[in-house]
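Secondary and tertiary structure notes
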Amino acid sequence: MHASLIQIAVNPDESVNSRRERAASLVVAQRGADLVVLPELWPVGAFAYTAFAEEAEPLHGPTHDVMAKAAADAGVWLHAGSFVERAEDGTLYNTTLVFSPQGERVAAYRKIHRFGFDKGEAVMMGAGEELVTVALPETTLGLATCYDLRFPEQFRGLVDAGAETLVVSAGWPERRRSHWTLLAQARAVENQAFVLAVGSAGTHGGVEQAGHSVVVDPWGEVLAEAGAGEEVLTVEFDPARTATTRAQFPALKDRRLGLAAPR
């Protein structure tokens with residue numbers, strides 16, 4: 001597979017409409033790729049909390065429509081990162097969209113683990129309740145967003161649901177960049193799966209972004225890594241290596257479930 005991870009810069013001096021069109025142009029430029037991935041909350045910025053309510057959209061809103069067209073124009077599977085969704089009941093969600101090469105929406109994932117503890121996303125947004133996988137011709141994707149990366153049980157659930165390639169879109173802060181790479185490698189090793197983790201560049205909400213999107217193989221080896229600025233990280237990988245790795249080193253078969261808690 002040929003994957004393109006678009007590490008777009010998110011800065012407050014660019015309007016959402018302008019960045020939406022620019023992101024679409026970057027997607028279309030990846031014509032010939034199999035899979036294109038964008039970062040978390042790139043229309044507004046993952047830490048731009050004060051803009052969440054104003055820029056929230058329905059599921060089938062401007063970002064949906066622009067990304068659907070970009071996927072069709074490029075003829076690629078598009079993981080369109082995430083945007084601020086306003087549900088019919090008014091609840092905000094951090095929602096990821098995935099489109100087919102024909103521009104059809106094939107999946108929507110609401111972020112399960114909200115960051116911020118007692119502020120920001122954690123109090124402004126609802127929590128997703130469903131694991132989401134997407135079957136591509138070459139591999140099955142398991143979807144996760146940013147802070148989800150710190151919760152291994154979610155990724156094990158995705159593997160149990162058939163995921164072979166784990167895709168993480170993020171707005172990860174520079175001050176915790178070492179955790180970003182470490183956790184991406186850990187999720188790859190423990191689940192014997194490829195991890196495609198794409199972050200954003202720039203600064204929003206006063207938080208400098210880490211960038212350094214990374215692709216990790218099922219043995220935890222880094223196949224490709226971006227720098228700190230805006231760029232498109234491209235990588236060729238063989239998704240069949242997931243099954244090969246699991247067969248050669250069948251650690252997942254040795255899991256012991258349902259153990260009793262200590263008394």
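For clarity, every value in this text was computed on a predicted model and none was experimentally measured.

1. A short note on the sheet that holds strand β14 (residues 231-236)
- On the basis of which strands lie adjacent, the open sheet formed by six strands has the order β5-β4-β3-β2-β1-β14 and mixed pairing. What marks the edges here is a single partner per strand, and that holds for β5 (105-110) and β14. Ignoring strand direction, the axes of neighbouring strands in this sheet form an average angle of 25°.
- With respect to the sheet, helix α3 (residues 62-74) is in contact with β3 (77-86), β4 (92-99) and β5, its orientation differing from that of β4 by roughly 15°.

2. Regarding the pattern of salt bridges
- Under the counting rule described, the total for this entry stands at 12 salt bridges.
- Between Arg-20 and Glu-57 there is a salt bridge; the shortest N-O distance is 3.1 Å. In this pair, Arg-20 is assigned in helix α1 (residues 16-28) and Glu-57 in the loop between α2 (52-55) and α3, connecting sequence segments 37 residues apart. For the residue pair Arg-20 and Glu-57, the accessibility class agrees, reading buried in each case.
- Residue Arg-177 pairs with Glu-174 through a salt bridge whose shortest N-O separation is 3.4 Å.
- The structure contains a network of salt bridges with shared partners spanning Glu-14, Arg-19, Arg-22 and Glu-230.

3. Concerning unusual backbone geometry
- A positive phi is found at Leu-41, a non-glycine position, where the angle reads about 45°.
- Summarising the element assignment, Leu-41 is placed in the loop between β2 (35-37) and α2.
- The phi dihedral of Phe-117 is positive, around 65°, even though this residue is not glycine.
- Note on Phe-117: relative accessible area 67%, which makes it exposed.

4. Points about the packing of aromatic side chains
- Counted according to the given criterion, the structure contains 10 aromatic pairs.
- Ring geometry for Phe-47 against Phe-115: centres 6.3 Å apart, planes inclined by 75°, an arrangement best described as edge-to-face. With Phe-47 in the loop between β2 and α2 and Phe-115 in the loop between β5 and α4 (121-124), this residue pair connects regions lying 68 residues apart in the sequence. Of the two residues examined, Phe-47 and Phe-115, each falls in the buried class.
- Three or more aromatic residues link up through ring pairs in this structure, and these residues are Phe-47, Tyr-49, Phe-52, Phe-115, Phe-117, Tyr-147 and Phe-151.

5. Side note on the pairing of strand β1 (residues 2-7)
- Taking burial as the measure, the six residues of β1 include five buried ones, the bulk of the element.
- Summarising the sheet, β1 and β14 pair through six bridges and their orientation is antiparallel. By the bridge assignment for β14, Ser-4 is matched with Thr-234.
- Both β1 and β2 contribute to a ladder of three bridges, which runs parallel. Within β2, the residue paired with Leu-5 across the bridge is Val-37.
- Note that the unit made of β1, α1 and β2 has a crossover that is right-handed.

6. Structural notes on helix α5 (residues 152-160)
- Along α5, the positions that sit buried rather than exposed are Gln-154, Phe-155, Gly-157, Leu-158 and Val-159.
- Those residues of α5 that are buried are in contact with β5, β6 (133-135), β7 (140-145), β8 (165-169), α6 (177-191) and α7 (240-248).

Cut-offs and rules
Residues numbered from 1 in each chain as written. Predicted model: local features only at pLDDT ≥ 70, side-chain atom pairs only at ≥ 80, totals over all residues. Heavy atoms only, no water. Pairing = 2+ DSSP bridges. Helix = DSSP H or I, 4+ residues; strand = E, 2+ residues; numbered from the N terminus. Axes fitted to C-alpha atoms, helices over the stretch in contact; angles between N-to-C directions. Contact = heavy atoms within 4.5 Å. Salt bridge = Lys/Arg side-chain N within 4 Å of Asp/Glu carboxyl O. Buried < 20%, exposed > 50% of the residue type's maximum accessible area, 1.4 Å probe, protein only. Phe/Tyr/Trp six-rings, centres within 6.5 Å; stacked < 30°, edge-to-face > 60°. Right-handed = clockwise from strand over helix to strand, strands pointing away.

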